[in-house]
Amino acid sequence: MISVLLATYNWPQALKLCLESLSTQTDFHFEIIIADDGSSTDTKDLIEAIQKNFPVKITHLWQEDRGFRKTRILNQAIQAASGEYLVFLDGDCIVQPDFIAQHRALSLVNHLVTGSRVLLNDDLSKQLLSWPHWDFKKFTGNLLSYRLSNGINKYWPLKIKLGNGSWRNYKKFVWRRIKGCNMACWKSDALAINGFDETMTGWGHEDADFVFRLQNKGLIRKSGSWATEVLHLYHRINDQSNAAENARRVREKILAKAQ
């Protein structure tokens with residue numbers, strides 16, 4: 001089974017769209033564990049309302065809001081996961097109907113997958129958030145106009161899906177295209193590296209650190225592009241005051257391995 005580890009913080013409107021998109025999957029052999037980094041009761045109320053009629057199990061993990069501690073709550077979600085394969089997703093992302101199926105197709109022993117995203121601009125994000133419910137057919141029916149108006153930054157990866165193959169494999173660690181909002185690995189591999197580094201607090205590069213340590217363990221990184229794209233809702237950039245320090249720490253680990 002797949003466990004979707006869904007990180008969220010104080011944006012229930014976006015989380016609603018994310019969960020609704022997960023409710024329309026072609027593959028329902030998965031569970032959702034919401035890793036909540038201290039949201040208010042609005043998020044709790046939303047989850048409780050959605051849980052009642054949702055097609056798969058939803059577990060809500062919550063920790064007190066003491067700043068950006070995504071690594072800590074994600075590690076709790078890893079421990080709580082019933083599935084042997086983990087898909088990491090953010091609550092400000094909307095998934096395509098074959099999101100779970102595509103990740104399952106790309107899964108392979110001794111591999112991890114880093115997916116990609118389609119960025120939505122502010123106007124289109126507000127438009128989608130105003131919809132009473134998520135409607136993928138309605139969205140894709142206007143895909144070309146969204147692209148021509150710069151509502152989305154990619155078009156073809158949402159129209160064309162490419163299959164599996166060794167061409168997806170990275171030969172070495174590269175920082176580029178690591179997105180914590182869309183990646184996957186085996187639970188046993190995540191546990192083997194003790195999950196995310198909880199000493200990395202504040203926004204930035206905790207996902208790159210996680211991927212580097214998995215690759216350093218011997219795993220092969222696969223690209224999930226042209227298969228697993230998520231729609232990333234626009235929001236203001238988070239506080240990045242810790243990003244430089246987090247990046248420095250990842251670079252130190254890379255340099256230590258090289259030496």
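Preceding this paragraph is the structure being described.
All chains use their own residue numbering, which begins from 1 and follows the written sequence. For a predicted model such as this one, the threshold for reporting local features is a pLDDT of at least 70, and the threshold for listing and counting side-chain atom pairs is 80 or more; totals across whole chains, interfaces and linings nevertheless cover every residue. Only heavy atoms go into the side-chain values, all of them from the structure, while hydrogens and water stay out.

K.L.:
Can you explain the overall build of the protein? Please cite residues and give values.
P.N.:
Summing up its helical and strand segments, the protein has eleven helices and ten strands in all. Two residues qualify as a contact provided that any one of their heavy atoms is within 4.5 Å of a heavy atom in the partner residue. Here the contacts in the protein between residues at least 6 apart in sequence split such that 84% fall between residues at least 24 apart. Carbon and sulfur atoms make up 52% of the accessible area of the protein, which totals about 12200 Å². Numbering goes from the N terminus for both helices and strands, where a helix is a DSSP run of H or I of at least four residues and a strand is a run of E of at least two. Accessibility throughout is a Shrake-Rupley quantity obtained with a 1.4 Å probe, and a residue counts as covered only by protein chains that appear here.

K.L.:
Break down the side chain of E31 for me, citing the residues and quoting the values.
P.N.:
Inspection of the secondary structure assignment puts E31 in strand β2 (residues 30-36). The buried charged residue E31 lacks any salt bridge, with K57 as its nearest oppositely charged partner at 4.9 Å. Whenever a nitrogen or oxygen atom comes within 3.5 Å of another N or O atom, the pair is scored as a polar contact, on the condition that within protein one atom can donate a hydrogen and the other can accept it, and that pairs from neighbouring residues in sequence are kept only if both atoms are in side chains. A polar contact of 2.5 Å, which involves the side chain of E31, links it to the side chain of S3. Among the polar contacts listed, one links the side chain of E31 to the backbone nitrogen of S82, at a separation of 2.7 Å. Each residue gets one of three labels from its accessible area relative to the maximum for its type: buried under 20%, exposed over 50%, partly exposed in between, using a 1.4 Å probe on protein chains only. Residues counted as positive are Lys and Arg, residues counted as negative are Asp and Glu, and His and the chain ends are not counted. Note on definitions: salt bridges are taken to be side-chain nitrogens of Lys or Arg within 4 Å of carboxyl oxygens of Asp or Glu.

K.L.:
Can you tell me about a nonpolar patch on the surface, naming the residues and giving the values?
P.N.:
Patch building starts from residues that exceed 30% relative accessible area and form no salt bridge, then joins like charges within 9 Å and nonpolar side chains (Val, Leu, Ile, Met, Phe, Trp, Tyr) within 5 Å. Residues W156, I160, L162, W167 and W226 make up a contiguous nonpolar surface patch of roughly 520 Å² in combined accessible area. Relative to the elements of secondary structure, W156 occurs in helix α8 (residues 156-159). Judged by relative accessible area, which is 52%, W156 ranks as exposed.

K.L.:
Run through the layout of surface pockets, naming residues and quoting values.
P.N.:
Lining residues are those with an atom within 4 Å of a point, where the points come from a 1 Å grid over the protein atoms alone and group into cavities, where a 1.4 Å probe fits but cannot get out, or pockets, open sets with protein on both sides within 12 Å along at least five of seven lines. Grid points are joined across faces, edges and corners, and a volume is the space filled by probe spheres set on the points. Its volume calculated, the second largest pocket comes out at about 160 Å³. G115, S116, R117, L119, N153, K154, P157, R177, K179, S225, W226 and E229 together form the lining of the second largest pocket. Put simply, Ala, Val, Leu, Ile, Met, Phe, Trp, Tyr, Cys and Pro go in the nonpolar bin, Asp, Glu, Lys and Arg in the charged bin, and everything else, Gly too, in the polar bin. For the lining of the second largest pocket, a count of residues per class yields three nonpolar, four polar and five charged.

K.L.:
Can you explain the sheet that holds strand β5 (residues 93-95)? Please cite residues and give values.
P.N.:
At least two DSSP bridges between two strands are needed for those strands to be called paired. The mixed open sheet is built from three strands, whose spatial order is β5-β10-β7. Two strands close off the open sheet at either side, each with one partner strand: β5 and β7 (117-119). Across this sheet, the average inter-strand angle for adjacent strands is 30°, counted without regard to direction. Note that β7 and strand β10 (residues 230-232) share three bridges and pair parallel. The residue of β10 that forms the bridge with V118 is L231. Angles here are taken between N-to-C directions and fall from 0 to 180 degrees, while the axes themselves are lines fitted to C-alpha atoms, restricted in helices to the stretch in contact.

K.L.:
Tell me what's going on with the pattern of salt bridges, and back it up with residues and numbers.
P.N.:
Overall, the coordinates contain nine salt bridges when judged by the stated rule. The salt bridge involving R213 is made with D209; its shortest N-O contact spans 2.9 Å. Pair noted here: R213 and D209 are both in helix α10 (residues 206-216), with a separation of four residues, about one helical turn. Considered together, R213 and D209 belong to a single accessibility category, that of buried residues.

K.L.:
Give me the lowdown on the pairing of strand β4 (residues 85-90), citing residues and values where you can.
P.N.:
The two faces of a sheet get side chains in turn, since along a regular strand they alternate between them. Of all six residues in β4, six are buried, a share of seventy percent or more. Alternating positions in β4 separate into two faces, Y85, V87 and L89 on one and L86, F88 and D90 on the other, with burial throughout. Relative to β4, strand β1 (residues 2-8) runs parallel, the two being bridged by six bridges. The residue bridging V4 from the neighbouring strand is V87, located in β4. Taken together, the five bridges between β4 and strand β8 (residues 182-186) define a ladder with antiparallel strand orientation. Note that in β8 the partner of L86 across the bridge is C185.

K.L.:
Quick one: what's the story with the sheet that holds β4, residue by residue and with numbers?
P.N.:
On the basis of which strands lie adjacent, the open sheet formed by seven strands has the order β3-β2-β1-β4-β8-β6-β9 and mixed pairing. Of all strands in the sheet, those with a lone pairing partner are β3 (58-62) and β9 (220-223), marking the two edges. When strand polarity is set aside, the average angle formed by the axes of neighbouring strands in this sheet is 20°. Here seven bridges tie β1 to β2, and the two strands are oriented parallel to one another. Counterpart to T8 in the pairing with β2 is D36. Sitting on the sheet, helix α1 (residues 12-22) is in contact with β1, β2, β3 and β4, with an inclination near 165° to β1.

K.L.:
Please set out the environment of D197 residue by residue, giving values where relevant.
P.N.:
Locating D197 in the fold gives a position in the loop between α9 (187-192) and α10. Owing to a relative accessible area of 17%, D197 belongs among the buried residues under this scheme. Once the C-alpha coordinates of D197 and D209 are considered, the two residues, twelve residues apart in sequence, prove to be 7.7 Å apart. A distance of 2.6 Å separates a polar atom in the side chain of D197 from a polar atom in the side chain of T199.

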